[in-house]
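# Architecture and fold: a report
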Amino acid sequence: MTGPLGGHLVTVVGVGADGVLAAGCEALVREADVLMGGRRHLDLVPEVEGQERRPWPTPLAPSLPGLLEELRGRRVVALASGDPMVSGIGTTLVRALGTEAVRVVPAVSSVALARARMRWSDEESVVVTLVGRHEARVLREVAPGRRILALTSGSETPAIVGELLSETGHPDAVITLLGDLGSAAESRSVKTAQEWAQVAAADVPSLHVLAIEFPEDAGTRRASWVAGLPDDAFENDGQLTKRDLRASALARLSPAPGQHLWDVGAGAGSVGIEWMRAHPSCRTTAVEADPERAARVSRNAVRLGVPDLRVVEGRAPDALAGLDAPDAIFIGGGATRPGVLAACLAALRPGGRLVVHGVTLETESLIAEAYRTHGGELTRLAVESTHPVGTFTGWTPLRTVTQWSLYV
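Residues numbered from 1 in each chain as written. Predicted model: local features only at pLDDT ≥ 70, side-chain atom pairs only at ≥ 80, totals over all residues. Heavy atoms only, no water.

## Considering the packing of aromatic side chains
- The final tally for this structure, using the stated rule, is 0 aromatic pairs.
- A cation over a ring is seen here: R140 above W225, with NZ or CZ 4.1 Å from the ring centre.
- For the cation-ring pair, K191 lies above W196, with the distance from its terminal atom to the ring centre recorded as 5.5 Å. (Phe/Tyr/Trp six-rings, centres within 6.5 Å; stacked < 30°, edge-to-face > 60°. Lys NZ or Arg CZ within 6 Å of the ring centre and 35° of its normal.)

## Some points on the sheet that holds strand β7 (residues 147–151)
- With mixed pairing, 5 strands are arranged side by side in an open sheet as β6-β7-β10-β8-β9. Each end of this open sheet is capped by a strand with a single partner; those strands are β6 (126–129) and β9 (187–192). When strand polarity is set aside, the average angle formed by the axes of neighbouring strands in this sheet is 20°.
- Here strand β8 (residues 174–179) runs beside β9; their pairing, made up of 6 bridges, is antiparallel. (Pairing = 2+ DSSP bridges. Helix = DSSP H or I, 4+ residues; strand = E, 2+ residues; numbered from the N terminus. Axes fitted to C-alpha atoms, helices over the stretch in contact; angles between N-to-C directions.)

## Concerning the sheet that holds strand β3 (residues 52–55)
- The strand order across the open sheet formed by 5 strands is β3-β2-β4-β1-β5, and the pairing between neighbours is parallel. Looking at the sheet topology across the chains shown, the edges are occupied by β3 and β5 (102–105). Sheet twist, expressed as the average angle between the axes of neighbouring strands with direction ignored, equals 25°.
- Pairing of strand β1 (residues 10–15) with β5, which is carried by 4 bridges, proceeds in the parallel orientation. Within β5, the position partnered with T11 by the bridge is R103.
- Sitting on the sheet, helix α4 (residues 89–97) is in contact with β1, β4 (76–81) and β5, with an inclination near 170° to β1. (Contact = heavy atoms within 4.5 Å.)

## Notes on unusual backbone geometry
- With omega at -5°, the peptide bond leading from T58 into P59 counts as cis.
- Tracing the chain through its elements places P59 in the loop between β3 and α3 (60–70).
- With omega at 10°, the peptide bond leading from A316 into P317 counts as cis.
- Looking at where P317 falls in the secondary structure, it is placed in the loop between β13 (310–313) and β14 (328–331).

## Some thoughts on the nonpolar core
- If you look at the biggest cluster of nonpolar residues, it comprises 24 residues, and the most contacted ones within it are F234, L253, L261, I273, W275, L309 and F330.
- Top element by residues in this core is helix α9 (residues 270–277). It accounts for 4 residues.
- In this structure I273 touches F234, A268, V297, N300, A301, L304, V306 and L309, once residues within four positions along its chain are discounted.
- Counting 23 residues, the second largest nonpolar core, distinct from the first, contains A136, A150, A173 and L177. (Core = buried A, V, L, I, M, F, W, Y, C linked by side-chain atoms within 4.5 Å. Buried < 20%, exposed > 50% of the residue type's maximum accessible area, 1.4 Å probe, protein only.)

## Section: the pairing of β4
- Counting buried residues along β4, 5 of its 6 residues qualify, which places the element largely inside the surrounding structure.
- With 5 bridges joining them, β1 and β4 adopt parallel strand pairing. Along β4, the bridge assignment pairs V12 with A78.
- Two elements, strand β2 (residues 34–37) and β4, share 3 bridges in a ladder whose sense is parallel. Paired with V34 across the two strands is V76, which belongs to β4.

## Side note on the pattern of salt bridges
- In this structure the tally under the stated criterion is 22 salt bridges.
- R115 is the salt-bridge partner of D122, the closest N and O atoms lying 3.1 Å from each other.
- Taking the relative accessible area as the measure of exposure, R115 reaches 16% and is therefore buried.
- Close ionic contact of E141 with R140 constitutes a salt bridge, the shortest N to O distance being 2.8 Å. In terms of burial, E141 and R140 fall into one category: buried.
- Counted as one network, the salt bridges with shared partners bring together E235, D237, R293, R296 and R299. (Salt bridge = Lys/Arg side-chain N within 4 Å of Asp/Glu carboxyl O.)

## Re helix α6 (residues 157–167)
- Within the sequence span of α6, burial applies to T157, P158, A159, V161, G162, L164 and L165.
- In this fold, the buried residues of α6 make contact with β8, α7 (193–196) and β10 (208–213).
- Among the residues trailing α6, G169 stands out with phi positive, at a value near 95°.

## What about the side chain of Q51?
- Assignment of secondary structure puts Q51 in the loop between α2 (39–44) and β3.
- Side-chain polar atoms of Q51 contact the backbone oxygen of A32, separated by 3.0 Å. (Polar contact = N/O pair within 3.5 Å; in protein donor to acceptor, adjacent residues only side chain to side chain.)

If you want it as structure tokens, here you go:
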């Protein structure tokens, strides 16, 4: 869709908390037929006689296409905080209308202001958006000395983040709340995670960025994005792909940014969780028939910083119908159920990867036949670990696992 403004249907203009528009945009905003934005943004800009002002509709995303079609042929400008492409309306508009229909003119972003106030460089810090997202996303980034800028959308967020960090062993993480950045009311408050957990939402400015810093001696168990977290990092009832076997499976599943995994017969969800920890844009759908285990997968995902993991409670192959196509599939349980393996092979995208683990003769027979038919790699994995034997120490073997992996 195109319109009269330089071939664009909508021009999105960044505005600071002090009402200062992106450079050179004063005339653009003043001459617009329709000015759109949040009520706070619209109040920052002087009214123009004859100009129509439209606050964003609720709910926003479903209403946008019809609203903008209604405004076709008029000069439409939308106001947004700072950089509209940093967790802002610019991203929403581009997704709804396409890149050719949207022009974006950014102002200084809250991220740039927060880094300047904290004296944190871009290469020494990471940005995590909690705008419309679960606060546990912060937990994926925990590491000794790590610096995180968390973009938030509510006054209750500092207490939630503080509680999450305290519960996962980081009560001493230092959180600096930077309120109303760039405005005359700009504020700064520094507390530990444990202290923020007790702060009421009423005492927090609604517009803020959280700067989170971990001490150099912070616990490292959840810091690694390499496959193979300790088994006790996962709540489980014994149905868990053990650490060394999990690392082997994930090496063959090959997580890549933006890709989607089916974790079929998820158990504790360990494979799907570590897939998502590999990169923030990785996605997992965990399929688990047992209701208690399905709930446990969700709890583990939150505690380990990937709360967006999707859990489907049901039994494969029926539960696989209608799911987004996967780039990779792990079958940790239920491979011998009629139709499961065939459904998974049929669902894989081109270039997809499949890994199946078996500990029974029946599953071994199934994947041996699949190997003869489709090729791939067939591996037997035997792991032993030390345990006390009286006053001595001896080796205790885990069950040997047969692993079939296939690249399509």
